[in-house]
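# Geometric and topological summary
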Amino acid sequence: FSLTIDILCQLVYNIICGALKDFNMKINLKQIFNITGESKDIEYSIPAEELSDIHGYSFASTVDVKGRVYNRADVVYLDYSVSFTLDLTCDRCLKEFENTYHFDFSHIVVPSVSCDNDEYIVAEGESIELNDIAVTDLLLRLPTKILCKEDCRGLCMVCGCDLNESECNCLK
């Protein structure tokens, strides 16, 4: 009997850990598509561990998602914001630092489209996977050049000193 309880505890532990690893936020929109004026508030967090596979970015916090999906005049809108902190390395001076971001997004959601169209989010089976949408949106909004400060002077090309912290005579 004791062995059965141990196996059961291990099974529950594996299910919980597996659920966190495959954390998804699927939102069913059937009622919102069918009723003008209907809305649904959204508020949840994507664990940083779920984002560890994203190459080039290290999330120092959860990605907090807050917003609303609503039907106005038979058009379904998704408005939401994301807030998160990244561990970064400056592209010029290689200094490590954290930066907090907050982005707002707005989309129109449709049940289907007749041709390829990037302007709308298509709700396959009357539902959307908000994690995929949120992560794609935030990655597209992040700067391509990561700087510790806008006027970062970088490293000396000759001696390698940090020109933000000291002066050198190498290029004079």
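To keep things clear, this report deals only with the structure shown in the data block. Source: prediction; values computed, not measured. (Residues numbered from 1 in each chain as written. Predicted model: local features only at pLDDT ≥ 70, side-chain atom pairs only at ≥ 80, totals over all residues. Heavy atoms only, no water.)

### Here's the deal with the pairing of strand 5 (residues 75–89)
Strand direction decides the pairing type here: strand 3 (residues 58–59) and strand 5, joined by two bridges, are antiparallel. Residue pairing in the sheet places Ser 58 in a bridge with Asp 87 of strand 5. Pairing of strand 4 (residues 63–72) with strand 5, which is carried by nine bridges, proceeds in the antiparallel orientation. When the bridges of strand 5 are listed, Asp 64 appears paired with Ser 83. Remark: two residues form the turn of the hairpin made by strand 4 and strand 5, two consecutive strands paired antiparallel; Ala 73 in that turn has positive phi of roughly 55°. Where strand 5 and strand 6 (residues 96–110) come together, 14 bridges link them in antiparallel fashion. Bridge pairing in strand 6 links Leu 88 to Phe 97. Counting the residues in the hairpin turn of strand 5 and strand 6 gives six residues, including Leu 94, whose phi is positive at 65°. (Pairing = 2+ DSSP bridges. Helix = DSSP H or I, 4+ residues; strand = E, 2+ residues; numbered from the N terminus.)

### Here's the deal with the environment of Leu 147
Within the secondary structure, Leu 147 sits in the segment after helix 3 (130–141). When its relative accessible area of 23% is taken as the criterion, Leu 147 is described as partly exposed. Not counting residues within four places of it along the chain, the set of residues in contact with Leu 147 comprises Cys 90, Arg 92 and Phe 97. (Buried < 20%, exposed > 50% of the residue type's maximum accessible area, 1.4 Å probe, protein only. Contact = heavy atoms within 4.5 Å.)

### A short note on the nonpolar core
Ranked by internal contacts, the top residues of the largest apolar core, which has 39 residues, are Leu 78, Val 82 and Phe 84. At the level of secondary structure, the elements contributing two or more residues to this core comprise helix 2 (30–34), strand 2 (39–46), strand 4, strand 5, strand 6 and helix 3. Per element, the largest residue contribution to this core is seven residues, and it comes from strand 5. Apart from the residues within four sequence positions on either side, Phe 84 is in contact with Phe 59, Ser 61, Thr 62, Val 63, Asn 99, Thr 100, Tyr 101, Phe 103, Leu 138 and Leu 142. (Core = buried A, V, L, I, M, F, W, Y, C linked by side-chain atoms within 4.5 Å.)

### Focus on the environment of Ser 112
Summarising the element assignment, Ser 112 is placed in the loop between strand 6 and strand 7 (120–122). When the C-alpha atoms of Ser 112 and Glu 126 are compared, they prove to be 9.0 Å apart, with 14 residues separating the residues in sequence.

### Details of the environment of Glu 167
Residue placement: Glu 167 occurs in the segment after helix 3. Taking C-alpha positions, Glu 167 is 9.0 Å from Cys 156, a pair spaced 11 residues apart along the chain.

### Quick notes on helix 3
With 12 residues, helix 3 extends 16 Å between its outermost C-alpha atoms, agreeing within 8% with the 16 Å of an ideal straight helix rising 1.5 Å per residue. Of all the positions in helix 3, only Leu 130, Asn 131, Ile 133, Ala 134, Val 135, Asp 137 and Leu 138 are classed as buried. Where helix 3 begins, the capping side chain belongs to Glu 129, and its oxygen is found 3.2 Å from the backbone nitrogen of Asn 131. (Expected span 1.5 Å × (residues − 1). Polar contact = N/O pair within 3.5 Å; in protein donor to acceptor, adjacent residues only side chain to side chain.)

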